[in-house]
Amino acid sequence: MSTALVANGFPEEEVRSRARLGAAAVFPAESGYGNGLLGAGPAPYAPDRDDDLERIRIVPPVFMPERLKKLIDLGREPLYSDVELETVIGGFTSRLPLYVSAFGSTQVASHHLGEAVGRQAARLGVPLVIGENVVPVNGYRDADGAGVTPLLGRIAAYAEAADDEHGGVALQQSTEDADAEVWNLVYSDPVSEPLLATGRLAFELKVGQGAKPGLGGLTVLDRDTAGRVAEQYATDEVFGADSDRVLRASSPGTFTEEILRQQVRLMRNNFPRVKVWVKLHPGRDVALAAATAWAAGADAVTVDGAEGGTAWAPTGFLSHVGLPLADCLRRVGRKDRCLLASGRMWEGTRAVKALALGARAVGLGRAALLAVDEDREAGLRRLAEAFALETRMLTSAVGKYHVNALDPEDLLLPAAWRMSPATSGAA
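Note that the structure is predicted; figures quoted are calculated from it, not measured.

Novice: A description of the overall build of the protein should follow, citing residues and the corresponding values.
Specialist: Of the regular secondary structure elements, the protein holds 17 helices and 15 strands. Out of the 427 residues belonging to the protein, those deemed buried represent 53%. Considering only contacts within the protein whose residues lie at least 6 apart along the sequence, 73% involve residues at least 24 apart. Carbon and sulfur atoms make up 52% of the accessible area of the protein, which totals about 19100 Å².

Here is the structure:
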C-alpha cells in the first residue's frame, strides 16, 4: 500500500477501502452482521447536500414490465446479476459504463502511477483518456530515443494489457500539444498501431475542464523544468522570486461555434483511423457546445462538471466557478448521442443517476488514482468490481436489465427540474 496521494474533500478512505476489499465494501462491515440494525441514516462520508446529483433519489416502481420481459426471455425470475453493463463509449466497446479520466502532465500522474492505471484499465476493458500537456512538459521520446516517456509508457502499458475487442485510448490535445504536433506523432508511431488496427484509438479535443472552467492547465514546476519549457508556456512568479518553484500556465484556447465545427471536421479529415472526442468544461452554453460537436461528427462529447479535477487549480475556482455536473446533464438532456460525464465519480449511485440523466458512461479521475495508489496491481480492478455490483443492483431495482435503459423516470428529481423538457426522457 502507498499513501502518497491525498484527496481532501473527496471520500478518499471509502475509495481506498474499495480498492482493498472490492465488492464486499459495498455493504456494511461483515463483523456487524447479526447484531447490527440497519436503516436510513447519515452516510459514513459527508456528501455535499448542495450537489443535486447527491440530492436526487433512485425510485424503483412497483410494476416492472421490463422485468416480465426478462423473465420470459430467461425462463426464470431475473436477478441483478442478469443486468448487462457492456456498452459502446465513443466508438469503443467497453465492459462497463466507465472510463478513466485524463490526468494530464501533473505530478500526481507520475510515470509509474500513470502506467499502472493504464494496465489496470486495459485489463478491465474500459477506455483510458490521456491528458494534455504530457509531451510539451515531459517530451515525446528520451534524447537517445531508447527510453519511455510518460505518454508512450501509458499507451504501451495499455496496449500490452488489453485484449483486441474492449476498451481503447483517447489522447487529448490542447494548444501547446498542437504546437508540438502530438497527434501527428502518435498517429504514425508504431506503439499506437495495435490500437489503430483494432479501431481503439481516439483523439480528444480539449475545450476545457471542470476544475478550471475557462482557464488552461496549471501546474507547478521547478525552475529548471520551467526554463526548459519556457518557449511553450507562460510562467508566473506567484510563489515569489526567491522560491524554487513557479506556476506554469497553459493557453485555454479560443473557441466559437464555427471554430469548434472546423476543428472536429479537421480531425476527421486528417486522422481518419481514429475516433473523435470533444471535452467540454461546464460552461453555461454546454448544451449548444455539445450539439455543435455532435453535428460536426464527434463520436463522443465529455462534460466535465465543476466537481471534477485531479490536479492544480485556484481554490476559488473549485468552489465557485462552472456548472455542477447535474446542471450540465439537465441542460444537455437525453440525446441519441454518446455523452460522457465526469465529476466526483467513485461509486454506483452517483453514476446511475448520471446514466439515467443521459450519460453513456462516467469517468473516474481522483478515484482511479487513489485506487491504484492503494494497490498498483489490483486497486482499480477492485474499485470497478464494487462499481459494477452497485450498478447492477440499482439497475435491476428499477426493473431494467441493460444499463443503457436507465431513464429520468427512474429518478426523483429536484422540484425545479420536473417541468424541464431537458429531463423529460425524450431522446
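Novice: Pulling in residues and values, what's your account of the packing of helix H1 (residues 12–21) against helix H17 (residues 379–397)?
Specialist: The relative placement of two packed helices comes down to the angle between their axes together with the axis-to-axis distance. Between H1 and H17, the shortest axis-to-axis distance is 6 Å and the interhelical angle comes to 100 degrees. Between H1 and H17, the angle is such that the two are roughly perpendicular. Of H17, the residues touching H1 (which contributes Val15, Arg18, Ala19, Arg20 and Leu21) are Gly379, Arg382, Leu383, Ala386 and Glu390. Split into classes, the residues belonging to the contact of H1 with H17 amount to five nonpolar, one polar and four charged.

Novice: So what's going on with the nonpolar core? Which residues, and what values?
Specialist: Formed by 96 residues in total, the largest nonpolar core has its most connected members in Phe203, Val278 and Leu380. Apart from residues lying up to four places away in sequence, Val278 is in contact with Glu204, Leu205, Val207, Leu260, Val264, Ala293, Ala298, Ala300, Val301 and Thr302.

Novice: Which residues make up the packing of aromatic side chains, and what values do they have?
Specialist: Applying the stated rule across the entire model yields six aromatic pairs. Between Trp183 and Phe203 the ring centres are 5.1 Å apart and the planes differ by 0 degrees, which places this aromatic pair in the stacked class. Within this pair, whereas Trp183 is found in helix H8 (residues 182–187), its partner Phe203 is found in strand E7 (residues 201–206), the two being separated by 20 residues in sequence. Taking relative accessible area as the criterion, Trp183 reaches 5% and is therefore assigned buried. Judged by centre distance (5.0 Å) and plane angle (85 degrees), the rings of Phe203 and Phe271 are edge-to-face. Of this pair, Phe203 sits in strand E7 while Phe271 is found in the loop between helix H11 (257–270) and strand E11 (275–280), placing the two residues 68 residues apart along the sequence. Cluster of aromatic residues (ring-pair linked, three or more members): Trp183, Tyr187, Phe203 and Phe271.

Novice: If you had to explain helix H15 (residues 348–356) to someone new, which residues and values would you point to?
Specialist: In an α-helix, one full turn covers 3.6 residues, which means residues spaced three or four apart are oriented alike. Taken across its nine residues, H15 has eight buried, putting it largely inside the fold. Along H15, the residues that are buried comprise Gly348, Arg350, Ala351, Val352, Lys353, Ala354, Leu355 and Ala356. Phi for Gly358, located one or two positions after H15, is positive at around 130 degrees.

Novice: Could you give an account of the sheet that holds strand E8 (residues 218–222), naming the residues involved and the relevant values?
Specialist: Picture the strands of a sheet paired through backbone hydrogen bonds; they go either parallel or antiparallel. If you walk across this open sheet you meet the three strands as E8-E10-E9, and the pairing is antiparallel. Either end of the sheet is taken by a strand with one partner, and the two such strands are E8 and strand E9 (234–236). Mean inter-strand twist for the sheet, computed between neighbouring axes without regard to direction, equals 40 degrees. As paired strands, E8 and strand E10 (residues 245–249) are joined by five bridges and run antiparallel to one another. Note that in E10 the partner of Asp222 across the bridge is Arg245.

Novice: Residues and numbers for the environment of Phe92, please.
Specialist: Following the sequence through the fold, Phe92 ends up in strand E3 (residues 92–94). Between the C-alpha atom of Phe92 and that of Leu201, which follows or precedes it by 109 residues, the distance is 8.6 Å. Non-local contacts of Phe92, meaning those with residues more than four positions away in its chain, are made with Thr87, Pro127, Gly167, Gly168, Val169, Gly199, Arg200, Leu201, Ala202, Lys275 and Trp277.

Novice: Before we move on, can you summarise the side chain of Ser17 with the specific residues and values?
Specialist: Looking at the element boundaries, Ser17 is found in helix H1. Looking at Ser17, the relative accessible area reads 19%, which means it is buried. Among residues more than four places away in sequence, those in contact with Ser17 are Gly22 and Ala25.

Novice: Pulling in residues and values, what's your account of the pairing of strand E14 (residues 361–364)?
Specialist: With burial as the criterion, each face of E14 is covered, one bearing Ala361 and Gly363 and the other bearing Val362 and Leu364. Looking at chain direction, strand E4 (residues 98–100) and E14 are connected through three bridges and run parallel. By the bridge assignment, Leu98 is partnered in E14 with Val362. When strand E13 (residues 339–342) meets E14, the two strands line up parallel, connected through three bridges. Residue pairing in the sheet places Ala341 in a bridge with Val362 of E14. Taken together, E13, H15 and E14 constitute a β-α-β crossover, and its handedness is right-handed.

Novice: Account for the pattern of salt bridges, with residues named and values stated.
Specialist: All told, the structure shown has 27 salt bridges when counted by the stated rule. For Arg331, the salt bridge goes to Asp327, with nearest N and O atoms at 3.0 Å. Of this pair, Arg331 and Asp327 both sit in helix H14 (residues 325–332), four residues apart, which is roughly one turn of the helix. When its relative accessible area of 33% is taken as the criterion, Arg331 is described as partly exposed. Several salt bridges converge on common partners, so that one network encompasses Glu12, Arg16, Arg20, Asp373 and Glu374.

Novice: Outline the packing of H1 against helix H16 (residues 366–374), listing residues and values.
Specialist: Interhelical geometry of H1 versus H16 gives an angle of 55 degrees and a closest axis separation of 9 Å. The orientation of H1 relative to H16 falls into the category oblique. H1 and H16 meet at a crossing whose hand is right-handed. Across the interface between the two elements, Glu12, Val15, Arg16, Ala19 and Arg20 of H1 pack against Ala367, Leu370, Ala371, Asp373 and Glu374 of H16. Its residues assigned to classes, the contact of H1 with H16 comprises five nonpolar, no polar and five charged.

Novice: Just give me the short version of the environment of Leu412, but keep the residues and values in it.
Specialist: Along the polypeptide, Leu412 turns up in strand E15 (residues 411–412). Residues Leu412 and Ile56, 356 residues apart in the sequence, show an inter-C-alpha distance of 5.7 Å.

Conventions used here
In every chain, residue numbers begin from 1 and rise along the written sequence. For this predicted model, a pLDDT threshold of at least 70 governs which residues receive local features, and a threshold of 80 or more governs which side-chain atom pairs are given and counted, while totals over whole chains, interfaces and linings are taken from all residues. Side-chain figures throughout are based on the complete set of non-hydrogen atoms in the structure, without hydrogens or water. The helix and strand labels rest on DSSP assignments: H or I over at least four residues marks a helix, E over at least two residues marks a strand, and numbering proceeds from the N terminus. Under the scheme applied here, a residue whose accessible area is under 20% of the maximum for its type counts as buried, over 50% as exposed, and between as partly exposed, the area being computed with a 1.4 Å probe on protein chains only. In this description, contact between two residues means that some pair of their heavy atoms is separated by no more than 4.5 Å. Surface accessibility in these figures is a Shrake-Rupley result with a 1.4 Å probe; residues are shielded only by whichever protein chains are displayed. Axes here refer to lines fitted to C-alpha atoms; in helices the fit is confined to the stretch in contact. Angles between the N-to-C directions go from 0 to 180 degrees. Any angle that is under 35 degrees is reported as roughly parallel, and any over 145 degrees as roughly antiparallel; angles of 65 to 115 degrees are reported as roughly perpendicular and all others as oblique. For this classification, the nonpolar set comprises Ala, Val, Leu, Ile, Met, Phe, Trp, Tyr, Cys and Pro, the charged set comprises Asp, Glu, Lys and Arg, and every other residue, Gly included, is treated as polar. Only buried Ala, Val, Leu, Ile, Met, Phe, Trp, Tyr and Cys residues count toward a nonpolar core, and they belong to the same one when joined by side-chain atoms within 4.5 Å. Stacked, tilted and edge-to-face pairs are distinguished by plane angle, under 30 degrees for stacked and over 60 for edge-to-face with tilted covering the rest, among Phe, Tyr and Trp rings (Trp via its six-membered ring) whose centres lie within 6.5 Å. Pairing between two strands requires that DSSP report at least two bridges joining them. Handedness of a crossover is defined as follows: orient the strands so they point away from the viewer, and if the path from the first strand over the helix to the second runs clockwise, the crossover is right-handed. Any carboxyl oxygen of Asp or Glu that lies within 4 Å of a side-chain nitrogen of Lys or Arg is treated as forming a salt bridge with it. Note: crossing handedness is left-handed where the near helix turns anticlockwise from the far helix by less than a right angle, and right-handed where it turns clockwise.

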